[in-house]
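In case you want the letters, here they are:
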Amino acid sequence: MNTPLQRLRSAGWELPPLPTPKGLYVPARRHGDLLHLSAHGPFGPDGGFTHRGVVGGTLTLADGRAAAAATALSLLATAAGTLGDLSAISGTLRMTGYVNAAPGFEDHAKVLDGASEVLDTAFGPDARPARSVVGVTSLPFDLPIVTEATFVIGADDG
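On a predicted model such as this, the values are computed, not experimentally measured, just so you know.

This part takes up the sheet that holds strand β2 (residues 34-40). Read from one edge to the other, the open sheet built from five strands follows the order β1-β2-β5-β3-β4, with strand pairing classed as mixed. The open sheet has two edge strands, β1 (28-31) and β4 (130-136), and neither has a second partner. Mean inter-strand twist for the sheet, computed between neighbouring axes without regard to direction, equals 15°. As paired elements, β2 and strand β5 (residues 145-153) share five bridges and run antiparallel to each other. When the sheet's bridge partners are listed, L37 is paired in β5 with A149. Sitting on the sheet, helix α3 (residues 108-123) touches β3 (89-100), β4 and β5, and the angle it makes with β3 is about 160°.

See below:
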């Protein structure tokens, strides 16, 4: 299992179809050795959203983590579509998650861990990003989470 895609498949994860932008933006923009990805939602194999709702309200923490994992897979699908191969990525520089959270919900970081686990599987824990997670009162399409990331292409200087 040498490639990120092989490691993901071995863990039971498949990349969804490429999402289409829901506004006037591009899903990815490369600048030098960085690939910046716009916020992605939890897309599934059918191209639709896997989850909708509010974490800590209509959705459980486990649902939120599963939605976060789906957002990471969606980010990786866009990266693979942009670069042609996930093996070009040495790691994730930065990741930000926005969690549609019920008032009083405090486990935002645990929700975003669902995305981090996918990235750890693909690139290894040594390629783990700096990250932020923020709770919000709503997200487009009633999504429970959207996540954006910046990937490092080629050798990572740490």
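Burial of nonpolar side chains together is a common tendency in soluble globular proteins. One finds L76, F123 and F151 to be the most contacted residues of the largest nonpolar core, which totals 32 residues. Of all the secondary structure elements, the ones that give two or more residues to this core are β2, α2 (61-83), β3, α3 and β5. With nine residues, α2 is the largest single contributor of residues to this core.

The rules we used
Residues numbered from 1 in each chain as written. Predicted model: local features only at pLDDT ≥ 70, side-chain atom pairs only at ≥ 80, totals over all residues. Heavy atoms only, no water. Pairing = 2+ DSSP bridges. Helix = DSSP H or I, 4+ residues; strand = E, 2+ residues; numbered from the N terminus. Axes fitted to C-alpha atoms, helices over the stretch in contact; angles between N-to-C directions. Contact = heavy atoms within 4.5 Å. Core = buried A, V, L, I, M, F, W, Y, C linked by side-chain atoms within 4.5 Å. Buried < 20%, exposed > 50% of the residue type's maximum accessible area, 1.4 Å probe, protein only.

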